[in-house]
Amino acid sequence: MTTSLDPRIRRADLEHAPASGGLMQNEHWEPFAVFHQDKRGAAHEFVGIVHAPDPELALAFAKEQFGRRKKTVNLWVVRSTDIFTFQHEDDDMFSTIPDKNYREASGYPVRKRINKYLDDLKTLAKSKYLDHMEEESG
Amino acid sequence: MYGNASIEEDPKINGKASKPEVQEDPVKLAEFEARIARGEKIEPDDWMPAEYRRQVLRMIEQHAHSEIIGALPEGTWITRAPTLKRKLALIAKVQDEVGHGHLLYSAAETLGKSREAMINDLISGKSKYSNIFNYPAKTWADIAVIGFLVDAGAIVNQLANAKGSYGPYCRALERICYEESFHLKQGYDAFVALAVGTPMQRAMVQDALNRWWFPPMMHFFGPPDTISVHTEKLMRWKVKMMSNEEMRQDFLEQYVPKIWELGLTLPDPALKKNAEGKWEYTQPDWDEFFRVINGDGPCNKERLAVRRYAEENGRWVREAMMKPGVKTMVPYA
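Residues numbered from 1 in each chain as written. Chains lettered and ligands numbered in written order. Predicted model: local features only at pLDDT ≥ 70, side-chain atom pairs only at ≥ 80, totals over all residues.

**Observations concerning the overall build of chain A**
Right, on to step 1. Counting secondary structure elements, chain A contains three helices and three strands.
Right, on to step 2. Reading chain A from its N terminus to its C terminus gives the helix and strand order α-β-β-α-β-α.
Right, on to step 3. Over its C-alpha atoms chain A spans a radius of gyration of 36 Å, topping by over 25% the 14 Å that the globule rule assigns to 138 residues.
Right, on to step 4. Within chain A, the fraction of its 138 residues that count as buried is 17%.
Right, on to step 5. A fraction of 43% describes how many contacts in chain A between residues 6 or more apart in sequence connect residues 24 or more apart. (Helix = DSSP H or I, 4+ residues; strand = E, 2+ residues; numbered from the N terminus. Rg over C-alpha atoms; globule rule 2.2 N^0.38 Å. Buried ≥ 20, exposed ≤ 12 C-beta atoms within 10 Å, placed from the backbone. Contact = placed C-beta atoms within 7 Å.)

Take a look at the structure:
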């Protein structure tokens, strides 16, 4: 190995460092999902994961990873193993069909009904007036 | 920071032909390709061809390793930054790069490979990372050139990849690109400070520019692609978004004028924009590129030795904090 340009690396004496046995499964602990809130009153939003041995350290890592640049007022962490989900391939169960418009405000055409009622009244009044005029002249 | 320099699985890199393809269910494959053509993102729990999973995983993993290894040549200069402001900027940048590594490892994990397995493959030399970090940062001017040009190249590559098809990778890149714009600007600022400084500072930045242009920067996007059936498939699947040459042209178009504007030169007499608006340049030595990727560069051994040392010497801390019942899982997103 050529001599490092970094004095700290030269001092570490890497040539004589212990040989790696490689990392063991779970050596970097377990994943936690991180939820970020950018201002009071806003909803917490999923932003990514951190690896930690417990929730306290997960919060510390989440603060470093997701709270150092963006405006942040609060963070949640939750073990990824505690999240339960549907599968994306089943997403057709969420689709809204047109005859579900009884669940929508637009499914209730109130103004249309009122206008028809007012039009009918006008037509009725007009025909009554005409009838009356006919009687007068008759 | 990441180039495209190691993405193609070239037989020259691995010394073996790529694995035989798995025969995929044609109905599922057609559905999958139609979704990508419509611009939909693929999520970790979606069906995907084995080849897609393998290629996306390899790309994200290499990108993650590049961020972590890329922090090493720059980290070298934190203790020797010329002013407090430059030191603060460099610390923040190096912290961002390590943060990018974490974001990308997380995205790669969603495809089913554990973080520990990825780190083992990096340390053993099985996985590759961006070739550019196998070259040394000899002076402070090298840090200015890296912060300016290497980050500029990374942005060209990452903006393209952010439009790709794999959801978790796109989301990680969105945030990474936002932070890279600060890296580029502080690098440009440090570069310009030297370029308009004393004759000695100017000579220093010119020297660094000469060393980083040939070969590292010209290797950064990888060799011009051979348009194979394989490459066409990766483009159709939106794994590869631009050809290596398209990215290199994009980079030259944006940044050569910024260098020439300062009266600095680039060590390539053939470099010019031709009548069709294409940049012409001298092909770098691609044999050197493959030699360095395979481990024979000026800094490969040091980079991996530092990484191994960090894992070995950090182990007792991780073990001390370990809790019983820790169970790993593939993250959902």
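**Here we look at the overall build of chain B**
Right, on to step 1. Of regular secondary structure, chain B possesses 12 helices and two strands.
Right, on to step 2. Over its C-alpha trace chain B gives a radius of gyration of 20 Å, about what one expects of a compact globule, namely 20 Å for 333 residues.
Right, on to step 3. In terms of overall dimensions, chain B has a C-alpha envelope of 65 × 60 × 35 Å along the principal axes.

**Things to note about helix H3 (residues 50–75) of chain B**
Right, on to step 1. With 26 residues, H3 of chain B should reach 38 Å at 1.5 Å per residue; the first-to-last C-alpha distance of 38 Å fits that figure.
Right, on to step 2. Burial analysis of H3 of chain B places 21 of its 26 residues in the buried class, which makes it a mostly covered element. (Expected span 1.5 Å × (residues − 1).)

**Overview of the nonpolar core**
Right, on to step 1. Grouped together as the largest cluster of nonpolar side chains are 75 residues, with contacts concentrated most on Val56, Ile60, Ala108, Ala144 and Val145 of chain B.
Right, on to step 2. Elements that contribute at least two residues to this core include exactly H3, helix H4 (84–109), helix H5 (115–123), helix H6 (140–161), helix H7 (167–195), helix H8 (199–219), helix H10 (244–260) and helix H12 (300–321) of chain B.
Right, on to step 3. Element by element, the count of residues in this core is highest for H6 of chain B, at 12 residues.
Right, on to step 4. If we skip the residues at most four places from it in the chain, Ala144 of chain B touches Gly187, Ala190, Phe191, Leu194 and Val205 of chain B.
Right, on to step 5. Of all hydrophobic cores here, the second largest spans 12 residues; its members include Trp29, Val47, Ala62 and Val77 of chain A. (Core = buried A, V, L, I, M, F, W, Y, C linked by C-beta atoms within 7 Å.)

**Comments concerning the confidence of the model for chain B**
Residue and element names in this part refer to chain B.
Right, on to step 1. In this model, chain B carries a mean pLDDT of 92, and residues with pLDDT of at least 70 account for 94%.
Right, on to step 2. This model gives residues 10–17 a pLDDT under 50, and the stretch forms seven contacts once residues within four places in sequence are excluded.
Right, on to step 3. Scored as a whole, the predicted complex attains pTM 0.89, and scored at its interfaces, ipTM 0.88. (pLDDT = per-residue confidence, 0-100.)

**Here we look at the pairing of strand S1 (residues 30–37) of chain A**
Within a regular strand, side chains alternate between the sheet's two faces.
Residue and element names in this part refer to chain A.
Right, on to step 1. In terms of burial, S1 is largely enclosed, as six of its eight residues are buried.
Right, on to step 2. For S1 and strand S2 (residues 45–52), the ladder comprises seven bridges, and the chain directions are antiparallel. Following the sheet pairing, Ala33 is matched in S2 by Ile49.
Right, on to step 3. The pairing of S1 with strand S3 (residues 74–79) spans six bridges and is classified as antiparallel. Across the sheet, the residue bridging to Gln37 is Asn74, located in S3. (Pairing = 2+ DSSP bridges.)

**Quick look at unusual backbone geometry**
Right, on to step 1. Residue Pro215 of chain B follows Phe214 of chain B across a cis peptide bond; omega there is 0°.
Right, on to step 2. Mapping Pro215 of chain B onto the fold places it in helix H8.
Right, on to step 3. For Trp29 of chain A, which is not glycine, the phi torsion reads 60° and is therefore positive.
Right, on to step 4. Note on placement: Trp29 of chain A falls in the loop between helix H1 (7–12) and S1.
Right, on to step 5. Phi angles above zero are rare outside glycine, and Lys238 of chain B is one such case at about 55°.
Right, on to step 6. Summarising the element assignment, Lys238 of chain B is placed in the loop between helix H9 (229–236) and H10.

**Re the sheet that holds S3 of chain A**
Residues and elements named next belong to chain A.
Right, on to step 1. As summarised here, the arrangement of the three strands in space is S2-S1-S3, forming an open sheet in which the pairing is antiparallel. A strand with exactly one partner marks an edge of an open sheet, and here the two such strands are S2 and S3. Shown here is a sheet whose adjacent strand axes are inclined to one another by a mean of 30°, direction ignored.
Right, on to step 2. Its contacts with the sheet put helix H2 (residues 55–66) on S1, S2 and S3, and the angle it makes with S2 is roughly 120°. (Axes fitted to C-alpha atoms, helices over the stretch in contact; angles between N-to-C directions.)

**Examining the interface of chain A and chain B**
Right, on to step 1. At the interface, 37 residues of chain A touch 37 residues of chain B.
Right, on to step 2. Breaking the side of chain A that touches chain B down by element, the ones donating at least two residues are H1, S1, S2 and H2 of chain A.
Right, on to step 3. Per-element accounting of the side of chain A that touches chain B gives the leading share, four residues, to S2 of chain A.

**Side note on the domain arrangement of chain A**
Right, on to step 1. What the domain assignment lists for chain A is domain 1 (27–84) and domain 2 (97–138).
Right, on to step 2. On a C-alpha basis, the centres of domain 1 of chain A and domain 2 of chain A stand 59 Å from each other. (Domains from an automatic or database assignment.)

**Considering the environment of Asn294 of chain B**
Right, on to step 1. Here Asn294 of chain B lies in the loop between helix H11 (286–293) and H12.
Right, on to step 2. Along the chain, Asn294 of chain B and Pro215 of chain B lie 79 residues apart, while their C-alpha atoms are 16 Å from each other.

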